[in-house]
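Residues per chain are reported as follows:
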Amino acid sequence: ETGVTQTPRHLVMGMTNKKSLKCEQHLGHNAMYWYKQSAKKPLELMFVYNFKEQTENNSVPSRFSPECPNSSHLFLHLHTLQPEDSALYLCASSQGRGTGDEKLFFGSGTQLSVL
Amino acid sequence: GQNIDQPTEMTATEGAIVQINCTYQTSGFNGLFWYQQHAGEAPTFLSYNVLDGLEEKGRFSSFLSRSKGYSYLLLKELQMKDSASYLCAVRGDDYKLSFGAGTTVTVRA
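As a starting point, this report considers the structure included with it.

Parameters at a glance
- Residues take numbers from 1 onward in each chain, read along the sequence in its written order.
- Chains and ligands are labelled by the order in which they are written, letters from A for the one and numbers from 1 for the other.
- Whole-chain, interface and lining totals are the exception, using all residues; otherwise, since this is a predicted model, local features are given only for residues with pLDDT of at least 70 and side-chain atom pairs are given and counted only at 80 or more.
- With hydrogens and water stripped out, all remaining heavy atoms of the structure feed into the side-chain values.
- Strand pairing is defined by DSSP finding a minimum of two bridges between the two strands.
- A helix here means a DSSP run of H or I that spans at least four residues, while a strand means a run of E at least two residues long, and both kinds are numbered starting from the N terminus.
- Here, axes are lines fitted to C-alpha atoms. For helices the fit covers the stretch in contact, and angles between N-to-C directions go from 0 to 180 degrees.
- Residue exposure (1.4 Å probe, protein chains only): buried if accessible area is under 20% of the type maximum, exposed if over 50%, otherwise partly exposed.
- None of His or the chain ends enter the tally, which takes Lys and Arg as positive and Asp and Glu as negative.
- Here, a salt bridge means any Lys or Arg side-chain nitrogen found within 4 Å of an Asp or Glu carboxyl oxygen.
- Two N or O atoms count as a polar contact when they lie within 3.5 Å, although within protein this holds only if one can serve as hydrogen donor and the other as acceptor, and sequence-adjacent residues are included solely when both atoms are side-chain atoms.
- Note on contacts: a residue pair is in contact if any heavy atoms of the two residues lie within 4.5 Å.
- Aromatic contacts are taken between Phe, Tyr and Trp rings whose centres are within 6.5 Å, Trp giving its six-membered ring; a plane angle under 30 degrees counts as stacked, one over 60 as edge-to-face, and the others as tilted.
- We call a charge positioned over a ring when the NZ of a Lys or the CZ of an Arg lies within 6 Å of the ring centre and within 35 degrees of the ring normal.
- Throughout, buried area stands for the accessible area (probe radius 1.4 Å) lost by two parts on being put together, summed over both.
- Throughout, a disulfide means two cysteine sulfur atoms within 2.5 Å of one another.

As for the sheet that holds strand β3 (residues 18-25) of chain A
Residue and element names in this part refer to chain A. As summarised here, the arrangement of the four strands in space is β1-β3-β8-β7, forming an open sheet in which the pairing is antiparallel. Because the sheet does not close on itself, it has two edges, and the strands there are β1 (4-7) and β7 (64-70). In this sheet, neighbouring strand axes are inclined to one another by 20° on average, regardless of whether the strands run parallel or antiparallel. Relative to β3, β1 runs antiparallel, the two being bridged by four bridges. The residue of β3 that forms the bridge with T7 is K22.

Description of the side chain of B:R91
On the secondary structure map, B:R91 appears in strand β9 (residues 84-91). There is no salt bridge for the buried B:R91, and the closest opposite charge comes from A:E102, which lies 6.0 Å off by N-O distance. A polar contact of 2.4 Å, which involves the side chain of B:R91, links it to the backbone oxygen of A:E102. A distance of 2.7 Å separates a polar side-chain atom of B:R91 from the backbone oxygen of B:Y95. Not counting residues up to four positions away in its chain, the partners in contact with B:R91 are A:T99, A:G100, A:E102, B:G28, B:F29, B:N30, B:G31, B:F33, B:K96 and B:L97.

Considering the packing of aromatic side chains
What the rule picks out here adds up to 15 aromatic pairs over all chains. Taking 5.8 Å as the distance between ring centres and 55° as the angle between the ring planes, the aromatic pair formed by A:Y35 and A:F106 counts as tilted. Highlighted residues: A:Y35 in strand β4 (residues 31-37) and A:F106 in strand β10 (residues 105-106), separated in sequence by 71 residues. An identical accessibility class is assigned to A:Y35 and A:F106; each is buried. Considering the side-chain rings of B:Y35 and B:F99, the 6.1 Å spacing of their centres and the 50° angle between planes classify their relative orientation as tilted. Taken together, the positions of B:Y35 in strand β4 (residues 32-37) and B:F99 in strand β10 (residues 97-99) put the pair 64 residues apart, joining distant regions of the chain. A relative accessible area of 0% means that B:Y35 is categorised as buried. The class of B:F99 is buried, set by a relative accessible area of 5%. An aromatic cluster is defined as three or more aromatic residues linked by ring pairs; in this entry it consists of A:Y33, A:Y35, A:F106, B:F33, B:Y35, B:F45, B:Y48 and B:F99. It is A:K103 that lies over the ring of B:F45; its NZ or CZ is 4.6 Å from the centre.

A look at the pairing of β3(A)
Walk down a regular strand and you will see the side chains alternate between the two sheet faces. Here β3(A) runs beside strand β8 (residues 73-79) of chain A; their pairing, made up of seven bridges, is antiparallel. Paired with A:K22 across the two strands is A:F75, which belongs to β8(A).

A look at the interface of chain A and chain B
Each partner contributes to the interface: chain A provides 21 residues, whereas chain B provides 21 residues. Summed over both partners, the interface of chain A with chain B comes to about 1600 Å²; 58% of that surface belongs to carbon and sulfur atoms. Counting the contacts that link chain A with chain B gives two salt bridges. Among the salt bridges present, the one from A:K40 reaches B:E9, with a minimum N-O distance of 3.9 Å. Where chain A touches chain B, the interface holds seven residue pairs in polar contact (both at pLDDT 80 or more). Elements that contribute at least two residues to the side of chain A that touches chain B include exactly β4 and β9 (87-94) of chain A.

Things to note about the state of the cysteines
Inspection of every chain in the model, using the stated rule, returns two disulfides over all chains. A disulfide bridge connects A:C23 with A:C91, and the sulfur atoms are separated by 1.9 Å. Across the S-S bond linking A:C23 and A:C91, the dihedral sits near -75°, which makes this disulfide left-handed. Taken as a pair, A:C23 in strand β3 and A:C91 in strand β9 lie far apart in primary sequence, 68 residues in all. Summarising the burial analysis for this pair, A:C23 and A:C91 share the class buried. Note on cysteine connectivity: B:C22 is disulfide-linked to B:C88, with sulfurs 2.0 Å apart. Across the S-S bond linking B:C22 and B:C88, the dihedral sits near -70°, which makes this disulfide left-handed.

A short note on the sheet that holds strand β6 (residues 53-57) of chain B
Residues and elements named next belong to chain B. Taken in spatial order, the five strands make up an open sheet running β1-β3-β8-β7-β6, and their pairing is antiparallel. Of all the strands in the sheet, just β1 (3-5) and β6 have a single pairing partner and so form its edges. Neighbour-to-neighbour, the strand axes of the sheet open up by a mean angle of 15°, direction not taken into account.

See the structure below:
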């Protein structure tokens, strides 16, 4: 148990569907992240929120839309996805101090399949 | 851009030692992390190095040489539960973490 909970664990959706991924952290952290993990590839940073403000959008297509209503919750809204978007989507949190030794705490991820 | 290389797969026998190497070329350096990720689970923090040398934590040790852009994670007295993917990550001068693709370690009985 890392203190970061993601739902759902698995999601299958068609290219015309709209769905949302949810992340909640119970660690009192101020920064939250979305990462994409594809097989045999490095984790790709998608979005960063610090104190509820989006501080990073790593050239992510607009079919992915993040939302951070408060420091404990993070959503990733999905619409008109492509099959190549199939991957494990990981949420993470950290204290938000911006120091070199700041650790990320990850959720178990949502395994997304786009048909 | 950031470039972090680590082997794709390694196999070792229970009770043995395995060394996972990581080389990096990044814009600046503010620390190197190792994470462990079991299949279907969250990556979890193992170690952090920012100064040259060896950091020991039980059966796991991590080494860093900043001048060589090199680190390794040493797993001693391997157990079956150590079968997992091990991720090397470097924090650059923009304070973002860049990850390698991970090394899958399989421990055989």
